[in-house]
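# A closer look at the structure
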Amino acid sequence: MLNIGIIGAGDFGARHAQAIAELDDLTVVAASRTNAAKLNEFTARFGGTGYTDFHDLLADPAVDAVVIATPHHLHTPVVEAAATAGKAILLEKPMAPTLGECDLILAAVERAGVPLFVGHTNQFAPTYRQAKAILDAGEVGDIVLGI
């Protein structure tokens, strides 16, 4: 069993918690959000211990790995703290607002020796699946550029 802490227990954190609830080998054991009332709603719905300071969540020995679903401009310091705490990390996309911050994130996880996964889950959205089906069927020409 892998015990997950969710940092950023808002809308995207809830989506991750719902997905985790459908898996046998994962469980939400902690969540963090600065708004205590909203945090209490989240933990009442998905379980786990609530923390208004993500540093307290990272200090919780029950947490094996974290999902970071905070606003993008907060990713870098949260990842650095999670890496230092030795937690495996799933980071919502985008990694960070700048290339320099992405480099800081990569350096932090390399230094700590923890795994980092960046969640880019659009491939499961119906519109993206339909676009892939059209491309796979050869209904359009060769792709020469993607932006």
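A brief look at the structure comes next. It should be emphasised that the depicted structure is a prediction, and the values quoted were computed from it without experimental measurement.

If you trace the backbone, Val 78 turns up in helix H4 (residues 75–84). In this structure the C-alpha to C-alpha distance between Val 78 and Leu 58, which are 20 residues apart in sequence, comes to 9.7 Å.

To describe a pair of aromatic rings, one takes the distance between the centres and the angle between the planes. If you walk through the whole model with that rule in mind, you get one aromatic pair. Plain terms: the ring middles of Phe 42 and Phe 46 are 4.8 Å apart, the flat faces sit at 50° to each other, and that makes the pair tilted. With a gap of four residues between them, Phe 42 and Phe 46 both fall in helix H2 (residues 36–46), about one helical turn apart. Classification of Phe 42 by relative accessible area gives buried; the value is 5%.

This part covers the nonpolar core. Core analysis: the biggest nonpolar cluster contains 24 residues, and Leu 57, Leu 58, Val 66, Ile 68 and Ile 89 have the highest contact counts within it. With five residues, the single largest contributor to this core is H4. Discounting chain neighbours no more than four positions away, the residues touching Ile 68 are Ile 7, His 75, Val 78, Val 79, Ala 82, Ile 89, Leu 90, Leu 91 and Glu 92. Counting 13 residues, the second largest nonpolar core, distinct from the first, contains Ala 9, Phe 42, Phe 46 and Val 67.

Of the strand pairs in this sheet, strand S5 (residues 88–92) and strand S6 (residues 116–119) are connected by four bridges, and their pairing is parallel. Residue Leu 90 lies in a different strand from S6, and its bridge partner there is Phe 117. What joins S5 to S6 is helix H5 (residues 99–112), and the crossover it makes is right-handed.

So, about the environment of Ile 7. If you trace the backbone, Ile 7 turns up in strand S1 (residues 2–7). Residue classification places Ile 7 among the buried residues on the basis of a relative accessible area of 2%. Among all residues touching Ile 7, those that are not within four sequence positions of it are Ser 32, Phe 54, Leu 57, Leu 58, Val 66, Val 67, Ile 68, Ala 69, Thr 70 and Val 78.

Here we take up the sheet that holds strand S2 (residues 26–32). One open sheet holds the six strands; their spatial order is S3-S2-S1-S4-S5-S6, and the pairing between them is parallel. Looking along the sheet, the strands with just one partner apiece sit at the ends: strand S3 (49–51) and S6. On average, each strand axis in the sheet is tilted by 25° relative to the strand beside it, whichever way the strands run. Note that S1 and strand S4 (residues 65–68) share four bridges and pair parallel. Each bridged residue has a counterpart across the sheet, and for Ile 7 the counterpart in S4 is Ile 68. On top of the sheet, H4 reaches S1, S4 and S5; it is set at about 170° to S5, its chief contact.

Rules behind the numbers
Residues numbered from 1 in each chain as written. Predicted model: local features only at pLDDT ≥ 70, side-chain atom pairs only at ≥ 80, totals over all residues. Heavy atoms only, no water. Helix = DSSP H or I, 4+ residues; strand = E, 2+ residues; numbered from the N terminus. Phe/Tyr/Trp six-rings, centres within 6.5 Å; stacked < 30°, edge-to-face > 60°. Buried < 20%, exposed > 50% of the residue type's maximum accessible area, 1.4 Å probe, protein only. Core = buried A, V, L, I, M, F, W, Y, C linked by side-chain atoms within 4.5 Å. Contact = heavy atoms within 4.5 Å. Pairing = 2+ DSSP bridges. Right-handed = clockwise from strand over helix to strand, strands pointing away. Axes fitted to C-alpha atoms, helices over the stretch in contact; angles between N-to-C directions.

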